[in-house]
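Structural characterization, general
So you can see what is in the structure, the chains are spelled out below.
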Amino acid sequence: MKALLIFVLLCPAIVNAAIVNESLYILKDSIVVSSGEKLPYLTFNASTSFTGTNARIVLSPGDVLDLWVHNMDASEHHFEIRGTTPSESILSGDSIHIIHTFLENGIHVFHDPLNYPNQASLGLGGMIVVRDHSYPSFYWNIKEHKRGQNDTVLLGGAVDWAHYSPDFFTINGKSNPYINQDSNARVTGTVGDEIYIYVTNTGQSIHPLHFHGYHVEVRASTRNPNHVGRMKDSQGIYPAEGVVLRLIPDKEGEYPVHDHNLVTTTGANVYPLGLFTTILIAP
Amino acid sequence: MMRQLYLALVSFAAVLGANAQMDSVLTLISKIDFQPSHELHDGNQILLMGYSSTVGGSLNLPSPTLEFKENDSIQLDMWNLSQGPPYTIHLHGLDVDQENDGVPALSFSVAHDDTGSYIFKAPHPGTYLYHCHETSVLHAQAGMYGVIIVRPNSADTMTWDNGYSFHSERTWLMSEIDTNWHHDTIINHTYDSTAMTHLVLDYRPQHFLINGKSEHQLVGNVELFASLGEQVYLRLANIGNYGNRMILSSVLNAQQVSSDGRPLPNTVLSDTIEILPGERYGVLLDCDAHFQGTGVVEYFNLNTGQVENTQNIAVTVDGYVGISEYLEEPKMFPNPATNQLMIALPESIQEMASVTIENMLGRRVLEQKISDKPIIIAPLVSGNYIVRIRSKGREWNRKLIIQ
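Residues numbered from 1 in each chain as written. Chains lettered and ligands numbered in written order. Predicted model: local features only at pLDDT ≥ 70, side-chain atom pairs only at ≥ 80, totals over all residues.

What follows is about the pairing of strand E11 (residues 168-171) of chain A. All names here are of chain A. The side-chain alternation of E11 yields two buried faces, one formed by Phe-168 and Thr-170 and the other by Phe-169 and Ile-171. Note that strand E10 (residues 137-145) and E11 share 4 bridges and pair antiparallel. Residue pairing in the sheet places Ile-142 in a bridge with Ile-171 of E11. (Buried ≥ 20, exposed ≤ 12 C-beta atoms within 10 Å, placed from the backbone. Helix = DSSP H or I, 4+ residues; strand = E, 2+ residues; numbered from the N terminus. Pairing = 2+ DSSP bridges.)

Right, dumping it as structure tokens:
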């Protein structure tokens, strides 16, 4: 009887649910940071072509994710959807297959937890978004980077996390002024729109984001679910946390969003080449 | 000197012309210290950039606390005497329109020897910040920041209309100082209008502050003395680049009721409150048991999570005033006033009572013991003031209009 009740309750979701086939390819190459330097970098890509940005998976509630993760790198990696699927090893040239049903709206972080946080710090971290709406949505994968550290990790060296002092601060792998050129990151809309911003922190630092012009509503947090409903102009995003923010702009204009640890608005000690973007709202 | 006087007169005339519809008109002077004058706990003195209500004198850290009433129309004027770079005022959390947001390029900045006006409303009671957004990483660290308090229309001792009432309040603003960032070459730097970027030093703060003080400086400046039964409202804010973790005794029954100028949908009862850079929290303390100890503020590095410093605040809950006496409030009249002001105190709190009157920039303009004689306010110029009445460790704040 209980099983029948659960089935009936889930019916609406199941009716709209689909099996979503996705593949992620672990690839190694490099990204160019604000100083013009290249950092060795690994990402989960949607194809066998490397991009400096991790692929994003967007689902509807009830969808069954049928996911293959292929390790195209020369080293072993692991894969985990935090709090959802266990960590699984993927040897070089090997693949794993994951099937999981996502019932509720929200955000999930996937990453490489091997020798955490060393492998994840190479860039291997992204988001799965589950949403039942078609409102304008934007995606911020926040991360910081330390010059020389990725080389150390790749060579198997020890990282001194107790004295971690990163040099570069990015959204989707980009710093100011290039974040605004990323249409997935740069929030645009019109007054009265319902806008969603999906945020993950795949770095190791805490990133307190400050919104000018507007308060945003916390709609989901993987770390602090009891914070849902808070109206904030300054919202901390913790390492490995996913947060969903809703913005309903009440006025037009261009307003900054930046990390309020103001040191992160720099890149290699140069201001303002850091974690700074703007929201652009039309009348 | 003549040019400055002229500018001041022009500015003042402009204010007079533009403020006819304003509930509050304030002027801040942004400037730099020419001599190191802000004393740190180790006795060393540093240079500051900052905002002040006076042209002369050294700067204070933090800058003056600004107080407004809910839905007030406000004109905040700034006269920049930086000797070099432009400055701005960003009204952090007040969600003002783009023109008044204080972000160079998107709003406006005020050049040295020039003036500018920020026009805005403050619709939500709560705790906010203001700071310079020009080369903000440098100017905020240099000292260009302060607190804004927006009070509800119902009463100054309410969190917001139909919210929580309290007997007294404290505002604790946390920040850090890296003395290497306060060198004359940074504070008194020349301005290059063509420079698109600025090189900054590594940030390694040596001083961890509450209201500009640390260590032994907190004694007598940042303390909490409450009486049994007293409801204290803490306004906690972080304008530094480190995380803060405030740890209070469980006997204070700390309850987080607001953040960032908005009521929390679900209040949180916890003796530990984490405040990240830019955040503000409103915390109600219900002092229902005797206590003598400390409250601790941990400063943790946002990159490592490690606590690099702790500051201790003396906290005492004493029982020598009973709760019934808290129901007795001082009475102040007339209000608005012109030449004289009377303050009537219940007998239980008459002893050692004092009053200070501050202008809206937080500058103390009058201070004296309370007696049965009227307080002469005739020398004070017309405008809005905050009257702080203190007795036996308690404080009542009232808004006064002098006509």
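Between chain A and chain B, the contact holds 37 residues from the first and 33 residues from the second. Sorting the residues of the side of chain A that touches chain B by element identifies strand E14 (207-211), strand E16 (231-232), strand E17 (234-237), strand E19 (253-259) and strand E20 (270-271) of chain A as the ones contributing at least two each. Looking at the side of chain A that touches chain B element by element, the count peaks at 4 residues for E19(A). Residues that form the side of chain A that touches chain B fall into these classes: 15 nonpolar, 17 polar and 5 charged. (Contact = placed C-beta atoms within 7 Å. Nonpolar A, V, L, I, M, F, W, Y, C, P; charged D, E, K, R; others polar.)

Residues and elements named next belong to chain A. With respect to the helices and strands, the residue Asn-150 is situated in helix H3 (residues 149-154). Taking C-alpha positions, Asn-150 is 6.2 Å from Pro-40, a pair spaced 110 residues apart along the chain. If near-sequence neighbours (up to four positions away) are discounted, Asn-150 is found in contact with Leu-39, Pro-40, Tyr-41 and Leu-122.

With that out of the way, let us pick up the sheet that holds strand E3 (residues 57-59) of chain A. All names here are of chain A. Spatially, the 5 strands line up as an open sheet ordered E3-E9-E8-E5-E6, and their pairing is mixed. Strands with a single pairing partner mark the edges of an open sheet, and in this sheet they are E3 and strand E6 (88-90). Averaged over neighbouring strand pairs, the angle between their axes works out to 20° when direction is ignored. Alignment of strand E5 (residues 77-81) against E6, held across 3 bridges, turns out to be antiparallel. The residue bridging His-78 from the neighbouring strand is Ser-89, located in E6. (Axes fitted to C-alpha atoms, helices over the stretch in contact; angles between N-to-C directions.)

So, on to the sheet that holds strand E20 (residues 280-287) of chain B. Strand pairing in a sheet relies on backbone hydrogen bonds, with the paired strands running either antiparallel or parallel. All names here are of chain B. Pairing in this open sheet of 6 strands is mixed, and the strands run E13-E11-E15-E20-E17-E18 from one edge to the other. Either end of the sheet is taken by a strand with one partner, and the two such strands are strand E13 (207-210) and strand E18 (262-269). Across this sheet, the average inter-strand angle for adjacent strands is 20°, counted without regard to direction. Inspection of the sheet shows strand E11 (residues 168-177) paired to strand E15 (residues 230-238) by 7 bridges, in the parallel sense. Opposite Thr-171, over in E15, you have Arg-235 as the bridge partner.

As a further point, take the domain arrangement of chain B. Considered domain by domain, chain B is made up of domain 1 (2-175), domain 2 (203-318) and domain 3 (328-402). Using only C-alpha atoms to locate each centre, domain 2 of chain B and domain 3 of chain B end up separated by 28 Å. (Domains from an automatic or database assignment.)

What follows deals with the pairing of E5(A). All names here are of chain A. A large share of E5 lies buried, amounting to 4 of its 5 residues. Counting the residues that bridge the hairpin from E5 to E6 gives 6 residues, and of these Gly-83 lies at a positive phi of roughly 75°. Looking at chain direction, E5 and strand E8 (residues 106-111) are connected through 2 bridges and run antiparallel. The residue of E8 that forms the bridge with Ile-81 is Phe-110.

The next subject is unusual backbone geometry. In this model, A:Asn176 is joined to A:Pro177 through a cis peptide bond whose omega is 5°. Mapped onto the elements, A:Pro177 comes out in the loop between E11 and strand E12 (188-190). Here the residue pair A:Tyr271 and A:Pro272 is connected by a cis peptide bond, since its omega of 5° sits within 30 degrees of zero. Along the polypeptide, A:Pro272 turns up in the loop between E20 and strand E21 (276-282). Positive phi values are uncommon outside glycine, yet A:Ala268 reaches one of about 50°. Of note, A:Ala268 is situated in the loop between E19 and E20. A positive phi is found at B:Asp260, a non-glycine position, where the angle reads about 55°. Position of B:Asp260 relative to the elements: it lies in the loop between strand E17 (255-259) and E18.

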